[in-house]
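Structural overview
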Amino acid sequence: MPLTILVVEDDVGTRLSITDYLELSGYLAVPAVNGREAMGLLDRHQPHLLITDAIMPEMDGYELVRQVRQQPSFRLLPVIFLTARNETHDRIRGYQAGIDIHMPKPFELEELAAVVRNFLDRYTMMSHASTVAPPALAPEQPDVTIDLTDREQEVLDLLSQGLSNNQIGDRLYLSSRTIEKYVSNLLRKTETSNRSELVRFAIEHHLLQD
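Residues numbered from 1 in each chain as written. Predicted model: local features only at pLDDT ≥ 70, side-chain atom pairs only at ≥ 80, totals over all residues. Heavy atoms only, no water.

1. Looking at helix α2 (residues 35-45)
Among the residues making up α2, those that are buried are G35, A38, M39, L41 and L42. Its buried side turned inward, α2 meets β1 (4-8), β2 (28-32) and α3 (61-69). At the N-terminal boundary of α2, the capping side chain belongs to N34, with an oxygen 3.0 Å from the backbone nitrogen of R36. At the exit of α2 stands Q46, carrying a positive phi of roughly 45 degrees. (Buried < 20%, exposed > 50% of the residue type's maximum accessible area, 1.4 Å probe, protein only. Helix = DSSP H or I, 4+ residues; strand = E, 2+ residues; numbered from the N terminus. Contact = heavy atoms within 4.5 Å. Polar contact = N/O pair within 3.5 Å; in protein donor to acceptor, adjacent residues only side chain to side chain.)

Laid out in structure tokens, this is it:
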């Protein structure tokens, strides 16, 4: 049975593009036009991942994610946030609501599918584990000082805006392979394992520069 993705987007063209692309990629895509409709579909379809727009009528993406996270069965549901608002305070608001990753509009469907595949591959590995222990509470982390080069700081700031390696490379006039090396350095220095954890770490420890 294919994995289920709930796609919440009020723009019909964008919604159809995403759902069609996901269906062609082998997933079951369930569409909703706003957060209120999505909440009604949540229990019925039990999605494995949520893709939602930020700004929608009736119930926006921020409120949708907040309500989803209040339900014990969906506290760990991966959430991809699509938004044309890309200021630091907007990204922080999204992470505080409980989203996993920002994707700025406009975006490439191929990149969105890669992010989806990354989340759902991990879900598949977890579901095949013989036992799944409840997540341990993360210990409080003291303030830390990370020694970043000027270039690493630039990459981190752009990374926090949800830009891909190619997009960051275009901004800094560097190759995507070079950006990948900088991202690897940032992951190593912050002892994080992926871009989402890295951005959260940077926000929590005030490493971003406006």
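2. What to know about unusual backbone geometry
Between K105 and P106 the backbone carries a cis peptide bond, its omega angle lying at -5 degrees. With a phi angle near 70 degrees, E58 is a residue other than glycine that sits in the positive phi range. Looking at where E58 falls in the secondary structure, it is placed in the loop between β3 (49-53) and α3. For E58, a relative accessible area of 60% corresponds to the exposed category. In the Ramachandran plot, H206 falls in the positive-phi region, its phi being about 55 degrees despite a non-glycine side chain.

3. A word on the nonpolar core
Ranked by size, the top nonpolar core spans 24 residues in total, and within it L6, V8, L50, L64 and V68 carry the most contacts. Those elements giving two or more residues to this core turn out to be β1, β2, α2, α3, β4 (79-83) and α4 (88-97). The residues contacting L6, other than those within four sequence positions of it, are V30, A32, A38, L41, L42, P47, L49, L50 and I51. Formed by 19 residues, the second largest nonpolar core is a distinct cluster that contains I80, L82, I101 and V116. (Core = buried A, V, L, I, M, F, W, Y, C linked by side-chain atoms within 4.5 Å.)

4. Focus: the packing of helix α6 (residues 150-159) against helix α7 (residues 165-172)
Closest axis-to-axis distance for the α6/α7 pair is 10 Å, and the angle between their directions is 130 degrees. With respect to each other, α6 and α7 are oriented oblique. The handedness of the crossing between α6 and α7 is right-handed. Where α6 approaches α7, its residues R151, E154, V155, L158 and L159 are matched on the opposing element by I168, R171 and L172. By residue class, the composition of the contact of α6 with α7 is 5 nonpolar, no polar and 3 charged. (Axes fitted to C-alpha atoms, helices over the stretch in contact; angles between N-to-C directions. Parallel < 35°, antiparallel > 145°, perpendicular 65-115°, else oblique. Left-handed = near helix turned anticlockwise from the far one by under 90°. Nonpolar A, V, L, I, M, F, W, Y, C, P; charged D, E, K, R; others polar.)

5. With respect to the sheet that holds β1
Neighbouring strands of a sheet are bound in pairs by backbone hydrogen bonds; such pairs are parallel or else antiparallel. Taken in spatial order, the 5 strands make up an open sheet running β2-β1-β3-β4-β5, and their pairing is parallel. Taken across any chain shown, the strands that pair with only one partner, and hence form the sheet edges, are β2 and β5 (101-104). Mean inter-strand twist for the sheet, computed between neighbouring axes without regard to direction, equals 20 degrees. Against the sheet, helix α1 (residues 12-24) makes contact with β1, β2, β3 and β4, and its axis sits at roughly 165 degrees relative to β2, the strand it touches most. (Pairing = 2+ DSSP bridges.)

6. Let's talk about the layout of surface pockets
Each pocket or cavity is described by its volume, and for the second largest pocket that value is around 600 Å³. Around the second largest pocket, the lining comprises 27 residues; the ones closest to its centre are I101, E111, V115, S164 and R195. Of all the elements in the fold, those that place two or more residues in the lining of the second largest pocket are β5, α5 (109-127), α7, α8 (176-190) and α9 (195-204). Counting residues per element, the lining of the second largest pocket draws most heavily on α5, at 7 residues. (1 Å grid on protein atoms, 1.4 Å probe; cavity = no way out; pocket = protein on both sides within 12 Å on 5 of 7 lines; lining within 4 Å. Points joined across faces, edges and corners; volume = space filled by probe spheres on them.)

7. Side note on the pattern of salt bridges
Within the structure shown, the criterion is met by 8 salt bridges. The salt bridge partner of D100 is R200, with a shortest N-O separation of 3.5 Å. Separated by 100 residues along the polypeptide, D100 in the loop between α4 and β5 and R200 in helix α9 bring together distant segments of the chain. With a relative accessible area of 15%, D100 lands in the buried category. Put simply, E152 and K189 hold a salt bridge, and the shortest N to O gap is 2.8 Å. You can see E152 sitting in helix α6 and its partner K189 sitting in helix α8, a full 37 residues away along the chain. (Salt bridge = Lys/Arg side-chain N within 4 Å of Asp/Glu carboxyl O.)

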